[in-house]
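Summary of structural features
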Amino acid sequence: HVAENLSRENKLRQALDREEFVLHYQPKVNLSSGKLTGAEALIRWNDPETGLVPPGQFIPILEETGLIHVVGRWALRKAIEDFLRWRATSLAAVRIAVNVSPMQLRDRGFTAEIQRATGVDTQAAAGLELEITESLIMEDVVHSIATLQEIRAMGVTIAIDDFGTGFSSLSYLAKLPVDALKIDRSFIIDMTGSPQGLSLVSTIINLAHSNKLKVVAEGVETDEQSRVLKLLSCDEMQGFLFSKPVPVGVFEELFLRKKSTD
């Protein structure tokens, strides 16, 4: 197992040099109108020997080795580059959400990193959203609040990812400088299976709205889930019901080019 990990680590270092990492985009849509509202950027490794490697097989190794800092910076730059290109080519540019790893948020130079990434263009910050898991924010609330305030001051929006899985106290929700909550996929699955699941999702949506936060449902896969979320006044959804994550060229052709000519 150790030998296998070492081998994969070496391959990941080579992948960085050979530019084998790519971003795939999964659309977010408004539940009422069905219109595209944004996209989540997801890192994929296009290994020339085996093809696309599932994130679960390489993200943990990036975390363990510290390579996540380099790959994370690349993902930020690439997402901003794609957003600015969409604007420049008259495509329907939508805000791109990029996931932040625990190691990145804990890094004291993280805000400066975001500043550098968005400093390339005056419109760059408007195209970027950071998704940070709930449990990670709660690890060091004071540091998290200070960091997120600095980032939001740049014009970047913040979403709490996997909401419902890690809060130790809901009293912190009103204090956190965030713009959106993403309801974890596990709650969306339970929602149509039990009254308790339905009640929980309804409570999360009402709680978020009372704090003037947008709510995004993750992992929506069925028409029934979509219908219930719409009845509960959830704002947006993403999931296989609408589209799986797709390469940037496919995303542009399916969602941005079509919308820009409507």
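Our structure's up above, just so we're on the same page.
Residues numbered from 1 in each chain as written. Predicted model: local features only at pLDDT ≥ 70, side-chain atom pairs only at ≥ 80, totals over all residues. Heavy atoms only, no water.

1. Observations regarding the nonpolar core
Rules: Buried residues of nine kinds, namely Ala, Val, Leu, Ile, Met, Phe, Trp, Tyr and Cys, make up a nonpolar core once their side-chain atoms join them within 4.5 Å. Categorising residues by exposure relies on relative accessible area from a 1.4 Å probe, with only protein chains included: less than 20% of the type maximum marks a residue as buried, more than 50% marks it as exposed, and the intermediate range marks it as partly exposed. A helix here means a DSSP run of H or I that spans at least four residues, while a strand means a run of E at least two residues long, and both kinds are numbered starting from the N terminus. When checking whether two residues touch, look at their non-hydrogen atoms; a contact exists if any pair is within 4.5 Å.
Within the largest apolar cluster, 76 residues are counted, with the highest numbers of intra-cluster contacts made by Phe21, Tyr25, Leu130, Leu229 and Phe251. It is helix H3 (residues 67-88) that provides the largest number of residues to this core, a total of 10 residues. If near-sequence neighbours (up to four positions away) are discounted, Leu229 is found in contact with Leu31, Ile188, Met191, Val201, Ala217, Val220 and Cys234.

2. Points about the environment of Ser7
Topologically, Ser7 is positioned in helix H1 (residues 2-17). Sequence separation of Ser7 and Leu213 is 206 residues, and the distance between their C-alpha atoms is 44 Å.

3. Quick notes on the packing of aromatic side chains
Just so we agree on the cut-off: We call Phe, Tyr and Trp rings a pair once their centres come within 6.5 Å, taking the six-membered ring for Trp, and we label the pair stacked below 30 degrees between planes, edge-to-face above 60, and tilted otherwise.
A complete count under the given rule lists 8 aromatic pairs for this structure. A centroid spacing of 6.4 Å and a plane angle of 45° characterise the contact between Phe21 and Trp74, whose relative ring orientation is tilted. Pair noted here: Phe21 is in strand S1 (residues 21-30) and Trp74 is in helix H3, with a separation of 53 residues, a long-range link. The interplanar angle of 40° and the centroid separation of 5.6 Å between the aromatic rings of Tyr25 and Phe251 together place this pair among those described as tilted. A residue pair is termed long-range when its members are at least 10 positions apart, and Tyr25 in strand S1 and Phe251 in helix H11 (residues 248-261) qualify at 226 residues. Summarising the burial analysis for this pair, Tyr25 and Phe251 share the class buried. Through a chain of ring-to-ring contacts, the aromatic side chains of Tyr25, Trp86, Phe242, Phe251 and Phe255 assemble into a single cluster.

4. Observations concerning the packing of helix H5 (residues 110-118) against helix H7 (residues 141-153)
The following threshold applies: Axes, fitted as lines to C-alpha atoms, cover a helix only where it is in contact. Angles between the N-to-C directions of the axes lie from 0 to 180 degrees. For this classification, under 35 degrees means roughly parallel, over 145 means roughly antiparallel, 65 to 115 means roughly perpendicular, and everything else is oblique. Gly falls in the polar group here, along with every residue not listed as nonpolar (Ala, Val, Leu, Ile, Met, Phe, Trp, Tyr, Cys, Pro) or charged (Asp, Glu, Lys, Arg).
Where H5 meets H7, the closest approach of the two axes is 10 Å, and the angle between their N-to-C directions is 10°. Taken together, the axes of H5 and H7 lie roughly parallel to each other. Between H5, through Phe110, Thr111 and Ile114, and H7, the contact on the second element is made entirely by Thr147, Glu150 and Ile151. Among the residues making up the contact of H5 with H7, the classes are represented as 3 nonpolar, 2 polar and 1 charged.

5. Description of the side chain of Lys182
The condition that has to hold: Nitrogen and oxygen atoms within 3.5 Å of one another constitute a polar contact, given that in protein one can donate a hydrogen and the other can accept it, and given that sequence-neighbouring residues count only through two side-chain atoms.
Considering the arrangement of structural elements, one finds Lys182 in strand S7 (residues 180-183). You can call Lys182 buried: its relative accessible area is 0%. A distance of 2.8 Å separates a polar atom in the side chain of Lys182 from a polar atom in the side chain of Glu131. One polar contact links Lys182 to Gln238, side chain to side chain, over a distance of 2.6 Å.

6. Description of the pattern of salt bridges
We count it as follows: When a carboxyl oxygen of Asp or Glu is within 4 Å of a side-chain nitrogen of Lys or Arg, the pair counts as a salt bridge.
Here the structure, examined in full by the defined rule, presents 18 salt bridges. In this structure, Arg13 and Glu9 form a salt bridge, with 3.0 Å as the shortest nitrogen-oxygen distance. On the criterion of helical spacing, the pair formed by Arg13 and Glu9 is a turn pair, its members being 4 residues apart in helix H1. Looking at Arg13, the relative accessible area reads 37%, which means it is partly exposed. Given a relative accessible area of 18%, Glu9 falls into the buried group.

7. Brief notes about the packing of H1 against H3
What counts, and what does not: For any pair of crossing helices, the crossing counts as left-handed if the nearer helix is rotated counterclockwise from the farther one by less than a right angle, and right-handed if it is rotated clockwise.
Viewed as axis vectors pointing N to C, H1 and H3 meet at an angle of 30°, and their least axial separation amounts to 11 Å. Classified by the angle between their axes, H1 and H3 sit roughly parallel to one another. Between H1 and H3 the crossing geometry is left-handed. Where H1 abuts H3, its residues Glu9, Leu12, Arg13 and Leu16 lie against Leu67, Val70 and Val71. Considering only residue class, the contact of H1 with H3 consists of 5 nonpolar, no polar and 2 charged.

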